[in-house]
Structures are given as C-alpha cells and as structure tokens.
Amino acid sequence: MRQGDRAAFAELYERREPGLYRYALHMTGSAAAAEEIAHDVFIQLASAVSRFDEARGALEGWMFGVARNLVRVFRRKGGVEEPVDCGVDHDILGGLIEDENLAALRRAVTELPEAYRVAVVLCDLEERSYEEAARLMECPVGTVRSRLHRARGLLAAKLRKRAAPIEMSGGIVR
Amino acid sequence: MTCRAAVENLVECARRRTGPDPGVRAHLLSCRSCMERWESERLLTAHLRRLSARADGLRSSEWSRQDVRRHFDTVRVRRLPVRAGAWAVAATLLLSAGLIWNSGALHRAGTLPPAGAEVSEEAEPAVEGSAEEGFMAVPFAPPLAEGEMVRVVHRDLQPVELASLGVDVDPAWLAAMQSGSGGGIQAGLPADVLVGADGFPRAVRLSDEPRNEGF
C-alpha cells in the first residue's frame with residue numbers, strides 16, 4: 001500500500017471502514033458525523049501512508065487515534081445527535097418502546113465522559129477484548145476494565161431513572 | 001464476600017451472559033443492593049447488545065467510498081512523478097558536484113601557461129587548464145538529465161565567448177599572449193567545451209591544442 005497499491009488500499013478500506021464507522025457512530029450518536037469521520041480517517045491515511053512508520057505503532061491504532069481526535073473535534077463544535085435509521089422490522093408498540101429505550105441508551109452513552117464512553121463502545125458495543133481495547137485506548141488492561149465497570153455503573157444509574165419503559169421492553173429476568 | 005468483590009464478578013458475568021459464581025450467588029440472596037445491581041447489569045447488557053446489533057452492517061455511503069478512492073488515486077499519481085523527479089534532481093546534483101569538484105581541483109592544481117607567456121596573478125583562474133585537467137562548470141547552465149549523453153567539442157573561443165561561459169580572461173594576459181604568438185591568438189583561445197545532448201554548454205576548460213570543430 002505504501003507503494004501506492006490501489007488494491008491493497010481498497011482491501012484495507014473494506015476491512016476497517018465498517019468498524020471505524022460504527023465506532024464514530026457510537027461515539028457521536030450521529031450517522032452523518034460517523035460517515036464524515038470514517039471518510040476523513042481514510043483521506044488522512046491516503047495522504048500519509050508513505051510516511052507511516054510501523055515502528056511507532058500498529059496501523060489500526062493510528063486510524064483509531066485519528067478517529068478519536070475527529071470525534072473530539074465534532075463534539076467540541078457542539079455536534080447534535082440525530083436518530084439513526086436502522087430499518088428493523090418489529091411490531092409497532094414494541095418497536096416504539098424499544099426505539100425509545102435504545103434512543104435513551106444511545107443518549108446515555110454519548111453523554112458519558114470520553115474515557116468511559118470509549119470503553120463502553122469498544123468493549124460492549126464493538127465487543128472487543130480488553131487487550132484489544134487497551135491497545136486502541138493506549139492504556140493498561142486494568143484501566144480499561146475499571147473504566148468499563150465505572151461506565152456501566154453510570155449507565156445503569158441513568159437508565160434506572162427510566163426504569164419503567166425499560167422493564168416494559170422485557171429485558172429483566174428475575 | 002464483600003459487595004465490591006461481588007459487583008466485580010457480576011459485571012463480568014452479565015457481560016458474558018453467564019450466571020454469577022456460586023459464592024456471589026449466595027451473596028446475592030442476602031444483599032438486596034447487589035441483587036439490584038445484578039439485574040440492572042443484565043438489563044444493560046441486553047440493551048447494549050440490541051444497540052450493537054442495530055449498528056451491524058451500517059457503514060459509509062458508496063459516495064464516501066468512491067471519494068476516498070479518488071483521493072487515493074490523486075495522491076498516488078502526484079507521488080510517483082515526485083519520486084522520479086527526486087531521483088533526477090539527485091543525479092543532477094551529483095553530476096554538478098562532480099563538475100564543481102573538478103573545477104576546484106583545476107584551481108588548486110595551478111596552470112601550465114603557453115610557453116613564453118607571462119601570467120598575472122589576477123588572470124590565473126581564467127587561463128588555468130590543460131588537456132589533463134578538469135572542466136569548470138558553466139554557471140547557471142541547465143542541469144544535465146539523468147543518463148544524458150554529453151560530448152566534448154574543441155574550439156577556439158574569443159575572450160567574450162569565454163566570458164559568457166564564466167571564464168574571465170585578463171586583458172593584460174591576453175595582450176601578452178597575442179604578442180607572444182605573433183597574432184595567432186587572434187583566432188581565439190583553444191578550449192574544450194562539454195556540451196549536453198540539448199546543445200547547451202555545461203563546462204569548459206582551456207586547452208593548448210588549437211582546433212575548431214564547431215558546436
């Protein structure tokens with residue numbers, strides 16, 4: 001790819017873009033911002049690929065680092081979240097309740113402090129291992145674990161305020 | 001078991017969607033707050049999974065993908081000539097450095113003026129040179145391309161022509177030469193001119209073999 005191999009770049013795009021897009025989507029709560037961020041990461045990569053130094057870190061880490069910075073820029077500019085249309089079929093009432101609950105959860109995730117939000121997005125939404133998350137977050141595994149536990153505690157507290165609608169969605173098993 | 005230890009285990013069990021360890025299960029029976037936490041953790045995991053599943057398959061639009069590819073192609077095309085150009089510049093610099101070094105060696109080596117001629121100190125750089133010594137680079141000449149063929153042309157050059165090639169001839173020395181050669185020097189000073197494939201002179205050296213092969 002460093003030699004300008006178009007096929008290698010296209011393959012990398014196919015492999016990495018969905019993960020970057022979803023990461024940005026969960027971090028910002030905005031599909032438009034997610035697309036822009038994923039796009040800009042690859043634009044920066046295309047421009048800098050010949051100067052990329054593997055000795056300084058893995059390419060994936062570099063890409064997530066760029067995405068993280070772009071997310072910060074988006075949020076600093078006061079990015080507004082928007083509903084994400086996922087096109088899932090469901091019955092109307094159940095769908096409305098679930099949509100409401102998921103929207104509340106999405107909002108709660110985007111309101112978390114960045115360090116906790118990244119942990120939730122990588123470990124719980126992207127289902128990465130603690131080790132992978134630690135590599136991308138550039139911190140020890142123990143830190144990832146403690147941030148995730150703290151983040152889940154905050155999310156649980158926020159959602160408890162909306163306990164009634166959530167219970168209606170049938171998530172509790174006693 | 002403490003609540004803190006129980007919660008550590010509960011979070012991981014909820015994430016893995018497995019039941020709590022036996023010790024934690026016994027703790028849950030006696031601790032209402034940990035039981036509530038266990039339930040909220042399970043619920044949270046279920047909702048996070050749903051949120052994650054909703055994002056499955058989502059990705060950027062085709063327009064975005066095409067735009068990234070277009071940008072990559074643009075950068076790649078821009079990068080290739082730059083790389084080739086860098087090699088050409090490097091080769092030219094090396095060649096120029098060689099010519100300048102030769103010229104410097106010429107200056108250091110001194111000169112073998114024609115027999116009987118008197119050479120003043122000021123005129124020395126202009127009359128330096130012999131067939132065995134190097135060339136002086138013509139100032140501001142366009143650089144030679146990588147692998148460009150050159151040829152050496154022998155020609156009698158007038159002082160004004162030499163001056164245009166960067167070689168100053170001292171008038172006193174020239175007058176002495178003319179009187180010493182009985183007027184034969186009027187035809188010009190013999191010189192070797194290194195010419196590029198484009199016909200432009202790149203370096204010159206004074207020679208003591210009068211010849212005139214033309215450019």
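See above for the structure.
This write-up is about the structure you can find in this document. (Residues numbered from 1 in each chain as written. Chains lettered and ligands numbered in written order. Predicted model: local features only at pLDDT ≥ 70, side-chain atom pairs only at ≥ 80, totals over all residues. Heavy atoms only, no water.)

So, helix α6 (residues 130-137) of chain A
At step 1: Of the residues making up α6 of chain A, those classed as buried are Y130, A133, A134, L136 and M137 of chain A. One side of α6 of chain A carries all its buried residues, which in axial view fall inside an arc of 165 degrees.
At step 2: Where α6 of chain A is buried, its residues touch α3 (59-76), α5 (114-125) and α7 (141-160) of chain A together with α1 (3-16) of chain B.
At step 3: Positive phi shows up at E138 of chain A, right after α6 of chain A, with a value of about 55 degrees. (Buried < 20%, exposed > 50% of the residue type's maximum accessible area, 1.4 Å probe, protein only. Helix = DSSP H or I, 4+ residues; strand = E, 2+ residues; numbered from the N terminus. Arc of directions from axis to C-beta. Contact = heavy atoms within 4.5 Å.)

Concerning the pairing of strand β3 (residues 189-195) of chain B
All names here are of chain B.
At step 1: In terms of burial, β3 is a largely internal element, seven of the seven residues being buried.
At step 2: Neither face of β3 is open: one carries L189, A191, V193 and V195, the other P190, D192 and L194, and all of them are buried.
At step 3: Both strand β2 (residues 151-157) and β3 contribute to a ladder of seven bridges, which runs antiparallel. Each residue of the ladder has a partner; that of R155, found in β3, is A191.
At step 4: Hairpin geometry of β3 and strand β4 (residues 201-206) is characterised by an intervening segment of five residues between the two adjacent antiparallel strands and by a positive phi of about 90 degrees at G199. (Pairing = 2+ DSSP bridges.)

Topic: the interface of chain A and chain B
At step 1: Each side of the interface is counted separately: chain A has 55 residues, and chain B has 38 residues.
At step 2: Three residues stand out in chain A for area buried against chain B, namely R6, H149 and R152 of chain A, and they jointly supply 14% of the buried area on that side.
At step 3: For the salt bridge of R59 of chain B with E17 of chain A, the shortest nitrogen-to-oxygen distance reads 3.0 Å.
At step 4: Residue assignment for the side of chain A that touches chain B shows that the elements contributing at least two residues are α1 (6-28), α2 (31-48), α4 (92-111), α5 and α7 of chain A.
At step 5: With 11 residues, α1 of chain A is the single largest residue contributor to the side of chain A that touches chain B. (Buried area = accessible area lost by both parts, 1.4 Å probe. Salt bridge = Lys/Arg side-chain N within 4 Å of Asp/Glu carboxyl O.)

A few points about empty space enclosed by the protein
Regions of empty space are outlined by a rolling probe, equal in size to a water molecule, passed over the atoms.
At step 1: Taken as a whole, this structure holds two cavities of 30 Å³ or more when the rule is applied.
At step 2: When contributions to the lining of the second largest cavity are tallied by element, the ones reaching two or more residues are α1 of chain A together with α4 (62-109) of chain B.
At step 3: Looking at the lining of the second largest cavity residue by residue, the class counts come to three nonpolar, no polar and three charged. (1 Å grid on protein atoms, 1.4 Å probe; cavity = no way out; pocket = protein on both sides within 12 Å on 5 of 7 lines; lining within 4 Å. Points joined across faces, edges and corners; volume = space filled by probe spheres on them. Nonpolar A, V, L, I, M, F, W, Y, C, P; charged D, E, K, R; others polar.)

Some words on the pattern of salt bridges
Residues and elements named next belong to chain A.
At step 1: Applying the stated criterion across every chain yields a total of 25 salt bridges over all chains.
At step 2: One salt bridge connects E60 with R16, and the closest N-O pair in it is separated by 3.4 Å. Remark: R16 occurs in helix α1 and E60 occurs in helix α3; sequence separation between them is 44 residues.
At step 3: Put simply, R22 and E126 hold a salt bridge, and the shortest N to O gap is 2.8 Å. Highlighted residues: R22 in helix α1 and E126 in the loop between α5 and α6, separated in sequence by 104 residues.

Brief notes about the packing of α5 of chain A against α7 of chain A
Residues and elements named next belong to chain A.
At step 1: Where α5 contacts α7, the axes come no closer than 8 Å and their chain directions differ by 100 degrees. It follows that α5 is roughly perpendicular to α7 by the angle criterion. For the pair formed by α5 and α7, the contact residues are A115, Y116, A119, V120, C123 and D124 on the first element and V144, R147, L148, R150, A151, R152, L154 and L155 on the second.
At step 2: Here the contact of α5 with α7 is built from residues that sort into 10 nonpolar, no polar and four charged. (Axes fitted to C-alpha atoms, helices over the stretch in contact; angles between N-to-C directions. Parallel < 35°, antiparallel > 145°, perpendicular 65-115°, else oblique.)

Considering α3 of chain A
Two residues of an α-helix separated by three or four positions point the same way, owing to the 3.6 residues in each turn.
Residue and element names in this part refer to chain A.
At step 1: Compared with the 26 Å implied by 1.5 Å per residue over 18 residues, the 26 Å span of α3 between its first and last C-alpha is a close match.
At step 2: Residues E60, G61, M63, F64, G65, V66, A67, R68, L70, V71 and F74 constitute the buried set of α3.
At step 3: Tucked into the core, α3 has its buried residues touching α1, α2, α5 and α6.
At step 4: Downstream of α3 by a residue or two, G78 has a phi angle that is positive, lying close to 80 degrees. (Expected span 1.5 Å × (residues − 1).)

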